[in-house]
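The primary structure of each chain is shown beneath.
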Amino acid sequence: MLASEVNRENVSKMVRTFYEMIMKDQRVNVYFIMALGNDLDSEEWQEHYKILEDFWLLLMTGERGYTRDAFSPHLDVGELDKETFERWLELFNEVVHRYYTQKLAEKFYKRAEVLSRKFMQWLHIEST
Ligand code: HEM
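In what follows, the accompanying structure is described. Just so you know, these numbers come straight off a predicted model, no measurement behind them.

Right, let's get into the coordination of the iron atom of the ligand. A lone protein donor contacts the iron atom of the ligand, and this donor is His74 (NE2), found at 2.0 Å. Examined against the element boundaries, histidine 74 turns out to sit in the loop between α3 (43-61) and α4 (82-99).

Below is the structure:
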């Protein structure tokens, strides 16, 4: 059953599935392996899931919790390019449609797309 509301329980599942998908993708996984290692059950990853849950809850429901700077870690993850962002977005689109109704999935995706464009701008990656 697709979720028609966003809550911590479904965001938590979505986030974990997203990174399982990311880790199977040769283009995107390298950045995460470098930053967090390849053991998705490690403490580093648990911490990352919690951060991303808070992040998506803030963006989608306004629930307070995420107070960090989402962009700056991307300055240190290695050379990012447009194709990697596109692939990241593709996987994200797939995972949100797997968990949420069309309307919510589109809202998630739109948020991600806007941020992705900003990140690329700030990283001086050509996005057209
Ligand atoms: C090319 C695409 C991307 C790659 C390879 C990537 C990679 C990463 C990595 C490796 C980290 C962990 C950094 C660390 O903890 O040292 C991270 C953190 C994060 N990413 Fe991305 N990312 C990408 C795109 C995005 C986009 C489009 C968004 C937003 C929609 C996003 C949101 C975040 C957030 C919220 C964090 C946690 C920041 C914090 O520590 O508070 N990422 N990303």
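So that's the structure; there's more coming.
Quick look at a negative patch on the surface now. A cluster of like negative charges, contributed by Asp39, Asp41, Glu43, Glu44 and Glu47, occupies part of the molecular surface. Positionally, glutamate 44 belongs in helix α3.

The next subject is the side chain of glutamate 53. Its place among the elements puts glutamate 53 in helix α3. Polar side-chain contacts of glutamate 53 include one of 3.3 Å to the side chain of serine 12. Excluding anything up to four places from it in sequence, glutamate 53 contacts Arg8, Val11, Ser12, Val15 and Arg16.

Packed helix pairs are specified by the crossing angle of their axes together with the interaxial distance, meaning the distance between the axes. Look at helix α1 (residues 8-23) against helix α2 (residues 26-36): their axes get within 7 Å of each other, and the N-to-C directions meet at 110°. Between α1 and α2, the crossing angle belongs to the class labelled roughly perpendicular. Each of Tyr19, Ile22 and Met23 in α1 lies in contact with α2, whose residues at this interface are Val28, Asn29, Phe32 and Ile33. Residue classes in the contact of α1 with α2 are distributed as six nonpolar, one polar and no charged.

Here we come to a positive patch on the surface. Judged by side-chain charge, Lys103, Lys107, Lys110 and Arg111 come together as a positively charged surface patch. Counting through the fold element by element, lysine 107 comes out in helix α5 (residues 102-122). According to the relative accessible area criterion, lysine 107 is partly exposed, its value standing at 33%.

A separate point is the environment of methionine 23. With respect to the secondary-structure elements, methionine 23 resides in helix α1. Sequence spacing of methionine 23 and tryptophan 56 is 33 residues, and the spatial spacing of their C-alpha atoms is 20 Å.

With that out of the way, let us pick up the site of the ligand. Taken together, 22 residues are adjacent to the ligand, and Phe32, Tyr66, Arg68, His74 and Trp88 come closest. At a separation of 2.6 Å, an oxygen atom of the ligand approaches a polar side-chain atom of arginine 68. Taken together, the elements giving at least two residues each to the shell around the ligand come down to α2, α3, α4 and α5. Looking at the shell around the ligand element by element, the count peaks at five residues for α3.

What counts, and at which threshold
Residues numbered from 1 in each chain as written. Predicted model: local features only at pLDDT ≥ 70, side-chain atom pairs only at ≥ 80, totals over all residues. Heavy atoms only, no water. Donors = N, O, S within 2.8 Å, 3.2 Å for Na, K, Ca; no water. Helix = DSSP H or I, 4+ residues; strand = E, 2+ residues; numbered from the N terminus. Patch = residues over 30% accessible without salt bridge, like charges linked within 9 Å, V, L, I, M, F, W, Y side chains within 5 Å. Areas by Shrake-Rupley, 256 points an atom, 1.4 Å probe, with all protein chains shown as cover. Salt bridge = Lys/Arg side-chain N within 4 Å of Asp/Glu carboxyl O. Lys, Arg positive; Asp, Glu negative; His and termini not counted. Charge placed at Lys NZ, Arg CZ, Asp CG, Glu CD. Polar contact = N/O pair within 3.5 Å; in protein donor to acceptor, adjacent residues only side chain to side chain. Contact = heavy atoms within 4.5 Å. Axes fitted to C-alpha atoms, helices over the stretch in contact; angles between N-to-C directions. Parallel < 35°, antiparallel > 145°, perpendicular 65-115°, else oblique. Nonpolar A, V, L, I, M, F, W, Y, C, P; charged D, E, K, R; others polar. Buried < 20%, exposed > 50% of the residue type's maximum accessible area, 1.4 Å probe, protein only. Near = heavy atom within 4 Å.

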